[in-house]
Amino acid sequence: MAEKLAQTQYPIHELIRSRWSPRAFADRPVEQDKLLSVLEAARWAPSSYNYQPWSFIVATKDEPTQYSLLLSTLIEFNQGWAKNAPVLIIAVAQTITNDGKTNRHAFHDVGLAIENLVIQATALGLSVHQMAGFDVDSARKQYQIPDGYEPATAIAIGYAGDPQSLSDGLRDRELALRVRKPLKEFVFTEQWGNTSPLLLD
């Protein structure tokens, strides 16, 4: 597997620095205790009013029928590589609270839960790749997701594999350096676009 440590401007925790999103996965199942551990980490994420608006539909290769069903909701491009991940998940956000109010923070809070999941997975030696590329309507229909809930993202979990197993284009992306915008482009003060003096030294 490739190691792609973030080249940071300032020190950050090694778990965050080493986290990245591979598409090459090893032919190795995720142990049940580790899968439960990453889901438990998601459970303990913060959320607005403690609504905990997240749900996770989980399929593993131990259940081939359920795995194939979830895989079928991904767009064709993502199916091509995600089929090798031993665990697939669809994260769902509850956008309408139980008392009928719109929760405008639902997707934010689901993101927090997923980040907890991702960091816990990284600590356990697992890799996670999140996907916007899935068919929301298909997921809603296949899993009878009720009104007031929105499929948010699909997730692949497993042990990182050999980038050489990927097609040429994907292999190049797998091995490419990780890049991020510098802090000065998005940390502002006083008015929009005015770089914070924290970053003007």
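In short, a report on the structure. As the structure is a prediction and not an experimental result, all values here were calculated from the model.

**Topic: the overall build of the protein**
Secondary structure summary: the protein contains 7 helices and 6 strands in total. Starting at the N terminus, the α and β elements of the protein follow one another as α-α-β-α-α-β-α-β-α-β-α-β-β. For the protein, the C-alpha radius of gyration of 18 Å lies close to 17 Å, the compact-globule estimate for 201 residues. Reported as C-alpha extents along the three principal axes, the dimensions of the protein are approximately 55 × 50 × 30 Å. Across the 201 residues that make up the protein, the buried fraction comes to 41%. Across the protein, contacts joining residues at least 24 apart in sequence account for 71% of those joining residues at least 6 apart. Roughly 12000 Å² of accessible area belongs to the protein as shown, and the carbon and sulfur atoms make up 51% of that amount.

**Focus on the pairing of strand β6 (residues 191-195)**
As paired elements, strand β5 (residues 188-189) and β6 share 2 bridges and run antiparallel to each other. By the bridge assignment for β6, phenylalanine 188 is matched with threonine 195. Where β5 folds back on β6, the antiparallel hairpin that results is connected by 1 residue, among which glutamate 190 adopts a positive phi of roughly 70°.

**Digging into the sheet that holds strand β2 (residues 87-94)**
Spatial ordering of the open sheet is given by β1-β2-β4-β3, a layout of 4 strands whose pairing is antiparallel. The open sheet has two edge strands, β1 (54-60) and β3 (127-131), and neither has a second partner. With strand direction ignored, the average angle separating the axes of adjacent strands in the sheet is 25°. In this fold helix α2 (residues 32-43) packs onto β1, β2 and β4 (149-158), with an angle of close to 170° to the strand it touches most, β1. On the sheet, helix α5 (residues 106-123) packs against β1, β2, β3 and β4 and is oriented at approximately 150° with respect to β2.

**Comments concerning the nonpolar core**
In terms of nonpolar packing, the biggest core is built from 23 residues, with Trp81, Leu88 and Ile90 touching the most fellow members. Of all the elements in the fold, those that place two or more residues in this core are β1, α3 (64-72), α4 (76-82), β2 and β4. Not counting chain neighbours up to four residues away, the residues in contact with isoleucine 90 comprise Ser55, Phe56, Ile57, Leu70, Thr73, Phe134, Ala139, Tyr143, Pro151, Thr153 and Ala154.

**Some remarks on helix α7 (residues 168-175)**
All of the buried residues along α7 are Leu170, Arg171 and Glu174. Projection of α7 onto a plane perpendicular to its axis shows the buried side chains occupying an angular sector of 100°, all on one side. Across from the buried face of α7, at angles greater than 90 degrees, the exposed residues are Asp168 and Asp172. Residues of α7 that are buried in the fold lie against α4.

**What about unusual backbone geometry?**
The phi dihedral of glutamine 52 falls on the positive side, at around 50°, and the residue is not glycine. With respect to the helices and strands, the residue glutamine 52 is situated in the loop between α2 and β1. Of the residues examined, glutamine 52 reaches a relative accessible area of 35% and is grouped as partly exposed. Positive phi outside glycine occurs at glutamate 190, with the angle close to 70°. Assignment of secondary structure puts glutamate 190 in the loop between β5 and β6. When its relative accessible area of 78% is taken as the criterion, glutamate 190 is described as exposed.

**Examining the environment of aspartate 137**
Along the polypeptide, aspartate 137 turns up in helix α6 (residues 136-142). In this structure the C-alpha to C-alpha distance between aspartate 137 and proline 151, which are 14 residues apart in sequence, comes to 8.7 Å.

Criteria and cut-off values
- Residues numbered from 1 in each chain as written.
- Predicted model: local features only at pLDDT ≥ 70, side-chain atom pairs only at ≥ 80, totals over all residues.
- Heavy atoms only, no water.
- Helix = DSSP H or I, 4+ residues; strand = E, 2+ residues; numbered from the N terminus.
- Rg over C-alpha atoms; globule rule 2.2 N^0.38 Å.
- Buried < 20%, exposed > 50% of the residue type's maximum accessible area, 1.4 Å probe, protein only.
- Contact = heavy atoms within 4.5 Å.
- Areas by Shrake-Rupley, 256 points an atom, 1.4 Å probe, with all protein chains shown as cover.
- Pairing = 2+ DSSP bridges.
- Axes fitted to C-alpha atoms, helices over the stretch in contact; angles between N-to-C directions.
- Core = buried A, V, L, I, M, F, W, Y, C linked by side-chain atoms within 4.5 Å.
- Arc of directions from axis to C-beta.

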